[in-house]
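Listed below, chain by chain, are the residues.
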2 protein chains.
Amino acid sequence: MGIADRKEREKLEMRAKILDAAKHLFLEEGYSSVSLRRIADSIEYSPSTIYLYFKDKDDILFALHNLAFQELYHRQRQNLQIADPIDRLQAYLSTYLEFALDNREYYDLMFIQYAPASKIKEKAEWRYGRRAYEALRDTIRQCQEAGYLKSVDPDATAFGLWSFVHGLASLIIRHRLPMFSANQREKLAKQAMEMLNEMLELSRVQH
Amino acid sequence: MGIADRKEREKLEMRAKILDAAKHLFLEEGYSSVSLRRIADSIEYSPSTIYLYFKDKDDILFALHNLAFQELYHRQRQNLQIADPIDRLQAYLSTYLEFALDNREYYDLMFIQYAPASKIKEKAEWRYGRRAYEALRDTIRQCQEAGYLKSVDPDATAFGLWSFVHGLASLIIRHRLPMFSANQREKLAKQAMEMLNEMLELSRVQH
DNA sequence: TTATTTTCTGAACACTGTTTATTTAGTGAA
DNA sequence: TTCACTAAATAAACAGTGTTCAGAAAATAA
């Protein structure tokens, strides 16, 4: 059944084509200011064609959301092999911040923008997020076993550390730092990360 | 000129009326899903009337933005009188988080939502934000003089600590914690705050 | 009562996401 | 090649959006 195969392939190609166009437009101008007609124009199809491949505009966002999570997951993979838990934790958080600042619109869409909770929950692809979170918490558990971070609830610690890097990233991305120049912002974020690292090391109980 | 005075007063009342209606609608359903026609309906005026009192929809948002900053500033005022800098710092951060969770849509609009940077900069009312930030940095300076927080750049430290509480708040407000129940989230946020407080106290150099 | 200014509104404009009926193109059989 | 059938693409329409503007209504001044 070569024809059915080709049709399947073409269907996937069309999806990828729409996704690619949407991605570029969204990254350049932001989700809400890009209309379906603009996406349709850029791939030279009519707006209604898009509805044959995606349920609605949010569905496109959701597909990109998944791609972005895969990309982040890919970046973090190498960190998982670091043996020392506190080194791994620090690398994990640094990589997270780097990803956020290197892919601002992606990050925006993953962790800042309003995405109907139902949508994220429904589809099982939120797995990537969950897995990433659990990797963080496991690392924290191992840090605690090594004497770091006292014995606060690992979930609370994971939430706290995640919040720290998310806060840095999202204040930058959403332009809430008019008191600093653009150069300063990233420099200060790095300094803040260093401060966090020092505090993590300082958290070690001395027996 | 009593008539001119009354007209002036009525103009302000009308502005307040629109603002109040918009505030309630925004807080309930979010900025972008509330239309001007809905606001107009709720105050029983035509949509075009609103344009006599506000430049555009964003201008309403901006006015609310300022009201919200005043409210936060008001909450923080009492903390400024705490003598011990580390206590003051902790109170400052806790109050910030409480404000965020008590006024989620307000907080959203102040620190998460896209607000054209130009708009925030232009108007001098960003003073409130700047002043709040400087109060934080000054407190951090005093903490450093008292031996806490080593001697990292105060701006980096302020940015870092602010990011921590902003991260907690915004991950909750933007529903990025499907791995926790609603109850758990706020409990974990409080635990994370306690962890931060412990780390702050731990940061004291031992001479 | 009239003239003038201020306040308000209905209708329109250009846009949005989305749906539906219709047209076009591609496929399999006679 | 011709026919019937299926799948893909579209034009047109719908209900909604923020915003503008000419003209109606109301309030003030003469």
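These figures come from a predicted structure and were not determined experimentally.

## Some remarks on the interface of chain B and chain A
Frequently, the measure chosen for interface size is the accessible area that the parts lose on association. Contact with chain B, which involves 50 residues of that partner, is made by 50 residues of chain A. Per-residue buried area on chain B facing chain A is highest for Tyr114, Phe159 and Arg176 of chain B; these three make up 17% of the total on that side. For Glu198 of chain B, the salt bridge identified is with Lys150 of chain A, shortest N-O distance 3.7 Å. For the interface between chain B and chain A, the tally reads 12 residue pairs in polar contact (both at pLDDT 80 or more). Elements with a contribution of two residues or more to the side of chain B that touches chain A: helix 6 (104-112), helix 8 (127-145), helix 9 (154-173) and helix 10 (182-202) of chain B.

## Some thoughts on the side chain of Ser163 of chain A
Positionally, Ser163 of chain A belongs in helix 9 (residues 154-173). Relative accessible area serves as the criterion here: at 0%, Ser163 of chain A is assigned to the buried category. For Ser163 of chain A, the side chain forms a polar contact with the main-chain nitrogen of Leu168 of chain B, separated by 3.3 Å. Sequence-distant contacts of Ser163 of chain A, that is, excluding residues within four places in its chain, are made with Ser163, Phe164, Gly167, Leu168 and Leu171 of chain B.

## Comments concerning the protein's contact with DNA strand D
Inspection of the region around DNA strand D gives 20 residues, with Thr49 and Tyr53 of chain A together with Arg6, Arg37 and Tyr51 of chain B positioned closest. A share of 59% of the atoms of DNA strand D within 4 Å of the protein falls on sugar and phosphate groups. With respect to DNA strand D, the backbone of Lys57 of chain B contributes an N or O atom lying 2.9 Å from a phosphate oxygen. Of all the secondary-structure elements, those providing two or more residues to the surface near DNA strand D are helix 1 (2-29) and helix 3 (47-50) of chain A together with helix 1 (2-29) and helix 2 (36-42) of chain B.

## Some points on the domain arrangement of chain A
Residues and elements named next belong to chain A. With domains assigned, chain A is organised as domain 1 (1-54) and domain 2 (56-202). One C-alpha centre belongs to domain 1, the other to domain 2; they are set 29 Å apart. Listed per partner, the contact involves 15 residues of domain 1 and 12 residues of domain 2. Carbon and sulfur atoms make up 73% of the surface buried where domain 1 meets domain 2, a total of about 1300 Å² over both sides. For the interface between domain 1 and domain 2, the tally reads zero salt bridges. Of the residues forming the side of domain 1 that touches domain 2, the biggest block, seven residues, is contributed by helix 1. Classifying every residue of the side of domain 1 that touches domain 2 by side-chain character gives 11 nonpolar, two polar and two charged.

Calculation notes
Residues numbered from 1 in each chain as written. Chains lettered and ligands numbered in written order. Predicted model: local features only at pLDDT ≥ 70, side-chain atom pairs only at ≥ 80, totals over all residues. Heavy atoms only, no water. Contact = heavy atoms within 4.5 Å. Buried area = accessible area lost by both parts, 1.4 Å probe. Salt bridge = Lys/Arg side-chain N within 4 Å of Asp/Glu carboxyl O. Polar contact = N/O pair within 3.5 Å; in protein donor to acceptor, adjacent residues only side chain to side chain. Helix = DSSP H or I, 4+ residues; strand = E, 2+ residues; numbered from the N terminus. Buried < 20%, exposed > 50% of the residue type's maximum accessible area, 1.4 Å probe, protein only. Near = heavy atom within 4 Å. Domains from an automatic or database assignment. Nonpolar A, V, L, I, M, F, W, Y, C, P; charged D, E, K, R; others polar.

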